[in-house]
Amino acid sequence: MNCITYGNGPHRAVFLHGWFGDAQCFKPMLQGIDPDRFSFAFLDFRGYGSAKDSAGPFDLATVAADAIAVGDSLGWPQFSIVGHSMGGKAALRTATLAANRVQRICAITPVWAGKAPLDADTLGFFRSAAEQLDARQAIVHTSTGGRLPSYWSRGVATLSTKTSTARAFADYLESWALDDFDQEAAKLTNETLVVAGGHDFGVPEQFIRETWLKRLSNARLTLLPESGHYPMDECPLILAATVSAFLDPS
């Protein structure tokens, strides 16, 4: 299985990256994660990172199945699931497929299980990002409140073209934007933490309140006021502390 492992502690979690990332995207926060307390597995989605040469399919149902397979390969009968952005939606899909195995769900600036509220023009612009670097940079820049250096947003966009195939990038958009399993997700009772960024214009706090918090019976919100859509880059140690406290509240 295409994943990176970290730590050997008793609290186990599979991490699912976002549209622009791969398994390496969580690396900045590891400087704040105690390896004797946690065991983490960071999955590369098919078409990304170490799984870049995979033939797919490139959708969130496959990501969920692969996340469960990671748990199997590591001998984890139970584990938590952590997902960023589209990985948050994949985390929900994982829980709907294996609710008895998923202990906790931590969703970082996540899209919801239903269709994303993108109008036709916005969806068309997002689709253009599969082939256009400038579109990718604009999406990253906007989703972090337009306040971070353009050098950084350009770097994120450029790296994404190297760590994923254009086909996979395009197909995952269709899945995270248009898949709708809202009714299944709403039945989940797993303890859930949703992390929102105060400067996230892509997945704003109000959207999270109207979806995740209204639809899930056991969800709560933590707002990172100085972050946008990428807290693992913008405030990695704060995110590490937030995730650690949720996965191991003792």
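See above for the structure.
From a predicted model like this one, the values you see are computed outputs, not experimental measurements.

**Student:** Hey, could you run me through the packing of helix α1 (residues 60-73) against helix α2 (residues 86-97) in this one?
**Tutor:** Following both chains from N to C, one finds α1 and α2 inclined at 65°, their axes separated by 8 Å at the closest point. Seen from above, α1 lies across α2 with right-handed handedness. Of the residues in α2, those touching α1 at Leu60, Ala61, Val63, Ala64, Ala65, Ala67 and Ile68 are Met86, Lys89, Ala90, Arg93, Thr94 and Leu97. The residue inventory of the contact of α1 with α2, partitioned by class, reads 10 nonpolar, one polar and two charged.

**Student:** Would you mind going over the side chain of aspartate 22 with me for this structure?
**Tutor:** Among the structural elements, aspartate 22 can be located in the loop between β2 (11-16) and β3 (38-43). The charged side chain of aspartate 22 is buried without a salt bridge, its nearest counter-charge being lysine 52 at 9.2 Å. Contacts of aspartate 22, omitting those with residues within four sequence positions, involve His17, Asp44, Tyr48, Gly49 and Thr163.

**Student:** How should I be thinking about the packing of helix α4 (residues 133-143) against helix α5 (residues 150-163) in this particular structure?
**Tutor:** Angle between the axes and distance between the axes are the two parameters that describe a pair of packed helices. The geometry of α4 relative to α5 is characterised by a closest axis approach of 8 Å and an angle of 125° between their N-to-C directions. Between α4 and α5, the angle is such that the two are oblique. Like other packed secondary-structure pairs, α4 and α5 cross with a definite hand, here right-handed. Contacts between α4 and α5 involve Leu133, Asp134, Arg136, Gln137, Val140 and His141 from the first element and Ser150, Trp152, Ser153, Arg154, Val156, Ala157, Thr158, Ser160 and Thr161 from the second. Along the lines of polarity and charge, the residues of the contact of α4 with α5 split into five nonpolar, seven polar and three charged.

**Student:** What exactly am I supposed to notice about the sheet that holds strand β6 (residues 191-197) here?
**Tutor:** Strands sit in the order β1-β3-β2-β4-β5-β6-β7 across an open sheet of seven strands; the sheet is mixed. Each of the sheet's edge strands pairs with one partner strand only, and the pair in question is β1 (3-6) and β7 (219-224). Strand-to-strand twist of the sheet, defined as the mean angle between neighbouring strand axes without regard to direction, takes the value 20°. When β1 meets β3, the two strands line up antiparallel, connected through four bridges. Note on β3: the bridge partner recorded for isoleucine 4 is phenylalanine 42. Strands in contact with helix α8 (residues 205-215) are β5 (102-108), β6 and β7; relative to β7, the strand with the most contacts, it is inclined by about 170°.

**Student:** Could you clarify how one ought to interpret the pairing of β5 in this entry?
**Tutor:** Consecutive side chains of a regular strand alternate in pointing toward one face of the sheet and then the other. Burial analysis of β5 places six of its seven residues in the buried class, the great majority of the element. Where strand β4 (residues 79-84) lies against β5, five bridges are found, and the strand directions are parallel. Bridge pairing links isoleucine 81 to isoleucine 105 in β5. Chirality of the crossover, the property in question, places the unit of β4, α2 and β5 among those that are right-handed. Sheet analysis places β5 next to β6, joined by five bridges and oriented parallel. Each bridged residue has a counterpart across the sheet, and for cysteine 106 the counterpart in β6 is leucine 193.

**Student:** Sorry if this is basic, but what is going on with the state of the cysteines here?
**Tutor:** Linking two cysteines covalently via their sulfur atoms produces the bond known as a disulfide. Tallied over the full model, the rule gives zero disulfides. With no disulfide of its own, cysteine 3 has cysteine 25 as its nearest cysteine by sulfur position, at a separation of 14 Å.

**Student:** I'm lost on the layout of surface pockets in this one. Help?
**Tutor:** Over the atoms, a rolled probe matching the size of one water molecule traces out where space is still vacant. Space inside the largest pocket adds up to approximately 400 Å³. Along the walls of the largest pocket sit 25 residues, with Phe126, Ile139, Trp176, Gly202 and Val203 positioned nearest its centre. The element contributing the most residues to the lining of the largest pocket is α4, with four residues. Its residues assigned to classes, the lining of the largest pocket shows 17 nonpolar, eight polar and no charged. Considered as a void within the structure, the second largest pocket measures approximately 280 Å³ in volume. Phe20, Cys25, Val156, Leu159 and Asp233 are the residues nearest the centre of the second largest pocket, which is lined by 15 residues in total. Elements supplying a minimum of two residues to the lining of the second largest pocket: α5 and α9 (231-234). With five residues, the single largest contributor to the lining of the second largest pocket is α5.

Cut-offs and rules
- Residues numbered from 1 in each chain as written.
- Predicted model: local features only at pLDDT ≥ 70, side-chain atom pairs only at ≥ 80, totals over all residues.
- Heavy atoms only, no water.
- Axes fitted to C-alpha atoms, helices over the stretch in contact; angles between N-to-C directions.
- Helix = DSSP H or I, 4+ residues; strand = E, 2+ residues; numbered from the N terminus.
- Left-handed = near helix turned anticlockwise from the far one by under 90°.
- Contact = heavy atoms within 4.5 Å.
- Nonpolar A, V, L, I, M, F, W, Y, C, P; charged D, E, K, R; others polar.
- Buried < 20%, exposed > 50% of the residue type's maximum accessible area, 1.4 Å probe, protein only.
- Lys, Arg positive; Asp, Glu negative; His and termini not counted.
- Salt bridge = Lys/Arg side-chain N within 4 Å of Asp/Glu carboxyl O.
- Parallel < 35°, antiparallel > 145°, perpendicular 65-115°, else oblique.
- Pairing = 2+ DSSP bridges.
- Right-handed = clockwise from strand over helix to strand, strands pointing away.
- Disulfide = S-S within 2.5 Å.
- 1 Å grid on protein atoms, 1.4 Å probe; cavity = no way out; pocket = protein on both sides within 12 Å on 5 of 7 lines; lining within 4 Å.
- Points joined across faces, edges and corners; volume = space filled by probe spheres on them.

Spatial relationships are all this shows, so hold off on functional conclusions.
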